[in-house]
Amino acid sequence: MAEDCLFCGIANHEIPSEIIYEDDQICVYKDIAPQAPVHVLMIPKKHIESLDTVTEEDRDLLGYMLFKVKDIVKLAGIENGYRVVSNNGENAQQTVKHIHLHILGNRKFSWPPG
Ligand code: 5GP
Ligand code: ZN
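The sections below set out a description of the structure shown in this document. (Residues numbered from 1 in each chain as written. Chains lettered and ligands numbered in written order. Predicted model: local features only at pLDDT ≥ 70, side-chain atom pairs only at ≥ 80, totals over all residues. Heavy atoms only, no water.)

With the exception of glycine, the majority of residues adopt a negative phi angle, and the majority of peptide bonds are in the trans configuration. The peptide bond linking tryptophan 111 to proline 112 adopts the cis configuration, its omega dihedral lying at 5°. Along the chain, proline 112 falls in the segment after β5 (101-105). For aspartate 4, which is not glycine, the phi torsion reads 65° and is therefore positive. Along the polypeptide, aspartate 4 turns up in the segment before α1 (6-11). For asparagine 106, which is not glycine, the phi dihedral falls at a positive 70°. (Helix = DSSP H or I, 4+ residues; strand = E, 2+ residues; numbered from the N terminus.)

Laid out in structure tokens, this is it:
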């Protein structure tokens, strides 16, 4: 837990959010400004700033996050494909410095992303 981290606050239930799934390692909740009919964020409960700051000890956790995507997709009612996005650093416009996967679905997405 990092002091003054919005997503740590959500994971600790100190800041209200619509959590749709959580376990001992991850927390998944609805994005406050959805960019698709379904838009949820998956975070590790451990505070990690970005993919740039992961360490060897985070390997299993990172694998677990991707492994759980298909369960969240089903739980959230996403059909016909989805997009998983992780913004890292300034050029990608990462606004919250706690690793998160955006899971977006139930609309068509264009490529390349903007
Ligand atoms: P980033 O831009 O860092 O990739 O994504 C941060 C995401 O967090 C944005 O999609 C934004 O809408 C979402 N967000 C920011 N503040 C809150 C909040 O207080 N609650 C929830 N549920 N989502 C938030
Ligand atoms: Zn955090």
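Spatially, the five strands line up as an open sheet ordered β1-β2-β3-β5-β4, and their pairing is antiparallel. Lying at the two open borders of the sheet, with one neighbouring strand each, are β1 (19-22) and β4 (82-85). Averaged over all pairs of adjacent strands, the angle between their axes in this sheet comes to 20°, without regard to strand direction. In terms of strand pairing, β4 meets β5 through four bridges, oriented antiparallel. Of the residues in β5, the one forming a bridge with tyrosine 82 is glycine 105. (Pairing = 2+ DSSP bridges. Axes fitted to C-alpha atoms, helices over the stretch in contact; angles between N-to-C directions.)

Working note: regular strand, side chains alternate between the two faces of the sheet. Buried residues dominate strand β3 (residues 38-44), accounting for seven of its seven residues. One ladder, built from five bridges, connects strand β2 (residues 26-30) with β3; its direction is antiparallel. By the bridge assignment, cysteine 27 is partnered in β3 with isoleucine 43. Here five bridges tie β3 to β5, and the two strands are oriented antiparallel to one another. In the sheet register, histidine 39 faces β5, and the bridge partner there is leucine 104. (Buried < 20%, exposed > 50% of the residue type's maximum accessible area, 1.4 Å probe, protein only.)

What follows concerns helix α2 (residues 59-75). Helix length check: α2 (17 residues) gives 25 Å between terminal C-alpha atoms against 24 Å at 1.5 Å per residue, within 8%. At valine 69, α2 shows its largest bend, some 35°. All buried positions along α2 are accounted for by Leu61, Tyr64, Met65, Lys68, Val69, Ile72 and Val73. Where α2 is buried, its residues contact β1, β2, β3, β4 and β5. Phi turns positive one or two residues past the end of α2, at glycine 77, with a value near 80°. (Expected span 1.5 Å × (residues − 1). Bend = angle between axes of the 7 residues up to and from the residue. Contact = heavy atoms within 4.5 Å.)

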